[in-house]
Amino acid sequence: MLTIKNLQAGIEGKTILKGIDLNVKPGEVHAIMGPNGSGKSTLAQVLAGRPEYEILAGAVDFLGKDLLEMAPEERAREGLFLAFQYPVEIPGVNTSYFLRTALNEIRAYRGDTKMSPGDFLKMIREKLKLVEMDAAFLNRSVNEGFSGGEKKRNEVLQMAVLQPRLAILDETDSGLDIDALKVVADGVNKLRSKDNAFIVVTHYQRLLNYIVPDFVHVLYDGRIVQSGDKSLALQLEANGYDAIKTAAMA
Amino acid sequence: MEPSQTSWVEERSLLRRDPANPFLDVQKRALEQFQRSGFPGARDERWRFTDVSGIANGNWSTATERAATSALDLQLPSWRGEGLCIVFVDGLFQPQWSRLHSEDGAVELTPFSQLQGDLIDVISRRMKETGQIEDQPFLNLNTALMDEGVVIRIADGVQLAAPVTMLYYHTAGLDKTYHPRNVIIMGAEAQAAVIEYYHAASGEHYFRNPVTDIHVGDESRLRHYVLQRESDSAQHVSFTRSTQGRNSLYTRFAIDSGAALARHDLVVELQGEGGEAVLDGLYMPQGRQHVDHHTTVRHLQPRTFSRQLYKGVLNDAAHAVFNGRIHVAREAQKTDAIQYNRNLLLSDDAVADTQPQLEIFADDVRCTHGGTIGQLYEDGLFYLRARGIGEETARHIMVHAFAGEVTDRIQDAALRDQVNRWVLERLGWEE
């Protein structure tokens, strides 16, 4: 589904990703862990197509297409989704209108008809239950005045509506209390299927108790320095990142 | 000041020297004041961004020929509904399209040309008082050359449901000048909405110089809308004064989408304790359009409140100016004044100048102000695109949301819908 080869990228002349290789197949959940500043969020942003980042080398194949050649909106329409670490507040843009516009642009790209406001409302009411959100959110401006937990739920709601093939969760657990974390993780688990895949970017092992990964990768200084199964996450939790740092410097 | 620059003004003012004209004295004085000041130039601080030499040196026609309005298929605005309205076409009052009286007689619209009796004295006194405001050459120019206009009198306690519309329409004639005078006098404990609408059927060059003089009585509420949709070649220079009584509320929304040059001077005087003014503006210049708002809010009594939000969406090589003066008198303790001007530049060649001016003589007051000039918010744009929304659409959504902060506050629903359609149309995004 996603094949990353020797991806190198940076911002404002500073190289952050120094050669990433990763292969994600349908149905898999990959966790990417690592200390602060290791490049986890950069990887997520680069895959989503944030224009500020510069690609220095490497290639990314997504469902048989060159991902790096695509505009952010094309990536989304092809089925890539980034759940933002810091969801953006957009005053004056109604959440319901925003979601319906996004859904219909994606549907149009796939050759489907537009969804009517009535059908959209029926569908979204079901999705709201998934993240235990009140329908009143739909009439508020996108993320404006939302609490940290509400913003993250809103990201999962958008994922449920847009039904991506590959979802990248960028530190979705940060700033969440345990109850909100469970709601978000439950939502994600219900969306898992044999056809889609997830990349879960996180600093802590905690989220991985709820979203159980098939693979765990440790990112340090712009490179994946270790890969394993879910036991690697537990090991990191017990020993911290220091061992990784020491090994990388040796 | 070149003497020739005011010659067209003098020539035109002679046409007003009818001995039966009840405002002759006021007009003569205004002309004298205007002759002393002349047209403002680049050295006048309040005019340094706005060049009116095109008006001063204009070859303005003095002809007052009657337009062929009988054949005109005038589209009356959709928001009018059951409301009263007064229509002027090419400067002339049009009774056939106007509705001047409410059934109960609580509201009365009188064209200037038909003023009689005590109303003349009321208006004369008001004109003299307003004429004392300094440094307003275009106010004097309007008074000196005043051609038509309307007096709207709203009696005590009247609660008007539908807005009253003043429609000034230009259909034909090159190099015309218009100097309409509007006076709105509201009694106590009344509620009304008044819409001033300036519009043109053609892209011709003309100069419109309206003055609107308003009094909002004690405990009264007025919603005032100024819709400037002149021809793209027109020059529009307006002056508005609003005086407010105790616990009154003056809510204003002004939109500019027409005119090559638009300049608005607004003076709000909070003369009664507890008076409140809410002033919103939206301007959307493009091409080489120039729009300039100069506001002055005078807090004269305790516990007065003012809030201004002027927003601009500038494209191409447009230029926008905002200057907001807040004056708090010594006795106006517990004043709360808020002023924001926000500009969105859609092009590298667009320019916005924003300047607050605070004159505070009381000590227990709160004044908040801020001006911003910026590009489209990149984080928001990326967020929308990351959800599959195309770049063009994402930009539309962001700009519309920016303007929506002011247009959403329009309380009269039919007008709000119309303004939203204009905003989309102006930005070239008709759905």
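Procedures and definitions
- Residues numbered from 1 in each chain as written.
- Chains lettered and ligands numbered in written order.
- Predicted model: local features only at pLDDT ≥ 70, side-chain atom pairs only at ≥ 80, totals over all residues.
- Heavy atoms only, no water.
- Helix = DSSP H or I, 4+ residues; strand = E, 2+ residues; numbered from the N terminus.
- Contact = heavy atoms within 4.5 Å.
- Salt bridge = Lys/Arg side-chain N within 4 Å of Asp/Glu carboxyl O.
- Buried < 20%, exposed > 50% of the residue type's maximum accessible area, 1.4 Å probe, protein only.
- Axes fitted to C-alpha atoms, helices over the stretch in contact; angles between N-to-C directions.
- Left-handed = near helix turned anticlockwise from the far one by under 90°.
- Nonpolar A, V, L, I, M, F, W, Y, C, P; charged D, E, K, R; others polar.
- Parallel < 35°, antiparallel > 145°, perpendicular 65-115°, else oblique.
- Polar contact = N/O pair within 3.5 Å; in protein donor to acceptor, adjacent residues only side chain to side chain.
- Buried area = accessible area lost by both parts, 1.4 Å probe.

Residue and element names in this part refer to chain B. Checked against the element boundaries, G187 lands in the loop between β7 (181–186) and β8 (191–200). C-alpha separation for the pair G187 and Q411, spaced 224 residues apart in sequence, amounts to 21 Å. Discounting residues that sit within four places of it in the chain, G187 has contacts with I154, A155, D156, G217 and S220.

This brings us to the pattern of salt bridges. The final tally for this structure, using the stated rule, is 32 salt bridges over all chains. Between A:D195 and A:K194 there is a salt bridge, with its nearest N and O atoms 3.7 Å apart. Among the salt bridges present, the one from B:D336 reaches B:R366, with a minimum N-O distance of 2.9 Å. Of the two residues, B:D336 sits in strand β19 (residues 336–345) while B:R366 sits in strand β21 (residues 366–374), which places them 30 residues apart along the sequence. The class for B:D336 is buried, based on a relative accessible area of 16%.

The next thing to look at is the packing of helix α3 (residues 95–109) of chain A against helix α5 (residues 148–162) of chain A. All names here are of chain A. Closest axis-to-axis distance for the α3/α5 pair is 10 Å, and the angle between their directions is 35°. At the point where α3 passes α5, the crossing takes the right-handed sense. When α3 is examined against α5, the residues T95, F98, L99, A102, L103 and I106 are found in contact with a partner set consisting of N154, L157, Q158, V161 and L162. Among the residues making up the contact of α3 with α5, the classes are represented as eight nonpolar, three polar and no charged.

Okay, the packing of α3(A) against helix α4 (residues 117–130) of chain A next. Residue and element names in this part refer to chain A. One can describe the packing of α3 onto α4 by two numbers: an axis separation of 11 Å at closest approach and a directional angle of 105°. Judged on the interaxial angle alone, α4 and α3 are roughly perpendicular. Packed against α3, whose contacting residues are S96, L99, R100 and L103, the element α4 presents P117, F120, M123 and I124 at the interface. Looking at the contact of α3 with α4 residue by residue, the classes come out as six nonpolar, one polar and one charged.

Now for the environment of A:K152. All names here are of chain A. Looking at the secondary structure, you find K152 in helix α5. In this structure K152 comes out as buried when scored by relative accessible area, which is 3%. C-alpha separation for the pair K152 and A102, spaced 50 residues apart in sequence, amounts to 18 Å. Those residues in contact with K152 that sit more than four places away from it in its chain are F84, Q85, P87, E171, T172, S174, L176 and V184. At 3.1 Å, the side chain of K152 and the backbone oxygen of E171 are in polar contact.

The interface is formed by 32 residues belonging to chain A together with 17 residues belonging to chain B. Summing both sides of the interface, chain A and chain B together bury roughly 1,900 Å²; the carbon and sulfur share of this comes to 65%. Applying the counting rule to chain A against chain B returns three salt bridges. Across the salt bridge formed by B:R385 and A:E73, the nearest N and O atoms sit 2.7 Å from each other. Our enumeration of links across chain A and chain B arrives at twelve residue pairs in polar contact (both at pLDDT 80 or more). Broken down by secondary-structure element, the contributors of at least two residues to the side of chain A that touches chain B are α1 (40–48), α2 (72–78), β6 (80–83), β7 (90–94), α3 and α5 of chain A. The leading source of residues in the side of chain A that touches chain B is α3(A), at six residues. Residues of the side of chain A that touches chain B, tallied by class, amount to 20 nonpolar, six polar and six charged.

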